[in-house]
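# A closer look at the structure
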Amino acid sequence: MAKQGVEPDELTQPFWDAANEQRLVIQNCVDCDRLQHPPSATCRDCDDGGNLEWKQVSGRGRIYNYGVVHDCPVRLLQEDQPFNLAVIMLDDDPGVQMYSHLPGVPVDDVPVGAAVEVMFEPSANGQLVPEWRVIDG
Amino acid sequence: MTTPTAPDAMYRNDEGLGIWEHRGKVAAVGVGHAPTARRWDGRPETCVGAITIDALRKAIADAGVAPDQIDGLVVVPVTTTGAFWEAGKSLPMDVIQSFNQTDDPLDGIAKLSAEWLLANMPELTNVQFTMYGPGCMSNALNVTAQAVGDGLTHTCLVVKSWHNFEGRYYQGGANAGNALPGTPAITQLWGGPASYSTALQFAEYCRKYGKHHDMMAPFMENSRRNGLRFPEGYWAQHRPEELGPEDYLASRWIAKPANLFDNDIPIMMSGAYLFSTAERAQDMQQKPVYILNHASSNTRPRSLVPTLDEVEADTARTGRKIYEGAGITAEDLSFENMYDGFSLFHQFHLEGLGYRGIKFGEALDFYQTDISIDGPNPVSPSGGNVGSGRSRVWMHTDCIQQLQGRAGARQVTGVKPEVGVSGGPMPLGGNYTVWSASPD
């Protein structure tokens, strides 16, 4: 599926740079030892804003949940409707979620709970974007 | 006068605060609604500013208050349903020139400031207090109740309006482009529609409790039926169509398991109320409806979408806050008007309240029983957004009108209307009001 391109900004430049190197990094607060995604300028749990770094994670997770998108607001994705849109929970911290179209998985036949691993797909402007593929049924 | 946004201190976000200090000392009296429309037709007299003035004037007249007695105005400044004035699109000068303007030419067309309203309602000569309640009417009501209770204003208008332009919901702007900035890309590249997160929560709920989407049909039918008895609502005014199980279940998916009717229809609308102190309200034209409590949730999910565990924990917490501050229990509720737009989260609100004793996982079974306004367990007698279109206002209007005994064809008959609750929007993050026919 042809996702929109990405124009990295100051906050997310490390995330997208790592993706172009086929590495998955997630924001981590050194002070409270907690991953957070989506990223933000400060730690959501530390009153003083925390001490944020980008931490490489294993790139493995589980399919937590999914829906099937039939009426997508994003123009570039509309020709692929209907499509799966799943939420992945990372093995490194199951409280951290990422989206996935689950390439290769039939529409509405998603194995909830199945193990997945990260892969990287080019978006419309060539920026690599994390995606997830099922590694067991 | 520059209008501030309500400070955090005005909201009751925490458990353990005890009875609300102004319990029974603040009252809603007047109600005003402008006619609805599916979209703005481009005329000055139907722009969002104009319909807001219409709703406000109706609320004033309904309360029987002289405009110069009003000293407060609380406004929700955001009016979009998901429709924005496209960058570069020429401004509608005929509309702009029909009103007294602020320094923002889209004020009154695609947004709303208190200053714009005051500039165009010359009869409001004594407004000393203005404040923004961001988001929706539920938020603004909390702000208004607290402001009246705190003595910041004694006779206060509160208004929420919506504009809806031509074009499909959320399909313009960045969603039509070929690239996104890096930060929104992390959440938006995958193209989930607005109801996607709620659909996920509902899917998890069904898996956990062995329920299915078809079980929503009685709720949807009941809500539309109640909405068609709401003369101020969109469906009653423009498309008086029942929503039977066949039509509901045959409708197309938006984000399965959310279908078209699980998504509320965006409309042009404005709703307004007049609040006052309980003492002053005694002399007004309508019966006062007393505020027993307001409560809020500012909980955020840990990551991208709320999990069912997060939803259930927070709706239960919200229920406890609602009851604690009002000094009531679930058994005191005559009816409930919790938010329903998206319909698939109404059951989370019900279960968090423990309405009629239901527990987590039981609301869809409850929907299969008599939930009508004529039975002992009325669910959403307003019909909510399902019954009258997107406003996040109907539920509050209905609470006021039910307790005043003037809900007309929607008047509950299976219970005596004494205490109601309304609020939302989302299960995580919302604002709630407890209404009572009596101050005690």
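These lines cover the structure that appears in this document, whether it is placed above or below.

### With respect to the overall build of chain A
Across its full length, chain A holds one helix and nine strands. Starting at the N terminus, the α and β elements of chain A follow one another as β-α-β-β-β-β-β-β-β-β. Computed over C-alpha atoms, the radius of gyration of chain A comes to 15 Å, within 12% of the 14 Å expected from 2.2 N^0.38 for 137 residues, which places it in the range of a compact globule. On the principal axes, the C-alpha backbone points of chain A span a range of 45 × 30 × 25 Å. Counting every position in chain A, which comprises 137 residues, the buried fraction comes to 53%. Across chain A, every contact between residues at least 6 apart in sequence was considered, and the portion connecting residues at least 24 apart equals 53%. For chain A, the exposed area adds up to about 5800 Å²; of that, 43% sits on carbon and sulfur atoms. For chain A, the separation between the mean place of its 9 positive charges and that of its 23 negative charges on side chains is 4 Å.

### Things to note about the sheet that holds strand 2 (residues 25–29) of chain A
Residues and elements named next belong to chain A. The sheet built from three strands is open, its strands ordered 3-2-4 with antiparallel pairing. At either margin of the open sheet sits one strand with a lone partner, and together these are strand 3 (34–36) and strand 4 (52–56). Taken over all neighbouring pairs, the strand axes of this sheet differ in orientation by 45° on average, direction set aside. Strand direction decides the pairing type here: strand 2 and strand 4, joined by five bridges, are antiparallel. Paired with N28 across the two strands is E53, which belongs to strand 4.

### Points about the packing of aromatic side chains
Residues and elements named next belong to chain B. The final tally for this structure, using the stated rule, is 17 aromatic pairs over all chains. Ring plane angle 75° and centroid distance 6.2 Å describe the contact between F275 and W435, whose orientation is recorded as edge-to-face. Of this pair, F275 sits in strand 8 (residues 269–277) while W435 sits in strand 12 (residues 430–436), and the two are 160 residues apart along the sequence. One exposure class covers both F275 and W435, and it is buried. Among the aromatic residues, those joined into a cluster by ring pairs are F202, Y205, Y209 and F348. Positioned above the aromatic ring of W85, the side-chain terminus of K89 is 4.2 Å from the ring centre. Just above the ring of W235 sits the side chain of R224; from NZ or CZ to the centre is 3.6 Å.

What counts and how
All residue numbers here refer to positions counted from 1 along the written sequence of the relevant chain. Going through the entries in the order they are written, you letter the chains from A and number the ligands from 1. Confidence filtering applies because this is a predicted model: local features only for residues at pLDDT of at least 70, side-chain atom pairs given and counted only at 80 or more, and all residues used for totals across whole chains, interfaces and linings. Based on all heavy atoms of the structure, the side-chain values leave hydrogens and waters out of the count. Put simply, DSSP H or I for four residues or longer makes a helix, DSSP E for two residues or longer makes a strand, and each gets a number counted from the N terminus. With C-alpha atoms as the basis for the radius of gyration, the globule rule is written as 2.2 Å multiplied by the number of residues raised to the power 0.38. Relative accessibility under 20% of the residue-type maximum defines a buried residue, over 50% an exposed one, and the middle range a partly exposed one, all with a 1.4 Å probe and only protein chains included. Only heavy atoms matter for contacts: two residues are in contact if any of them lie within 4.5 Å across the pair. For the area figures, the Shrake-Rupley method with a 1.4 Å probe applies, and any residue is considered shielded solely by the protein chains shown. His is not counted, nor are the chain ends, whereas Lys and Arg count as positive and Asp and Glu as negative. Taken as the charge centre is NZ of Lys, CZ of Arg, CG of Asp or CD of Glu, depending on the residue. Whether two strands pair comes down to DSSP finding at least two bridges between them. An axis is simply a line fitted to the C-alpha atoms; with a helix, the fit covers only the stretch in contact. Between two such axes, the angle follows the N-to-C directions and lies from 0 to 180 degrees. Aromatic rings from Phe, Tyr and Trp, taking only the six-membered ring of Trp, are treated as a pair when their centres fall within 6.5 Å; an angle between ring planes under 30 degrees marks them as stacked, one over 60 as edge-to-face, and anything in between as tilted. The rule is short: NZ of Lys or CZ of Arg within 6 Å of the ring centre and within 35 degrees of the ring normal puts a charge over the ring.

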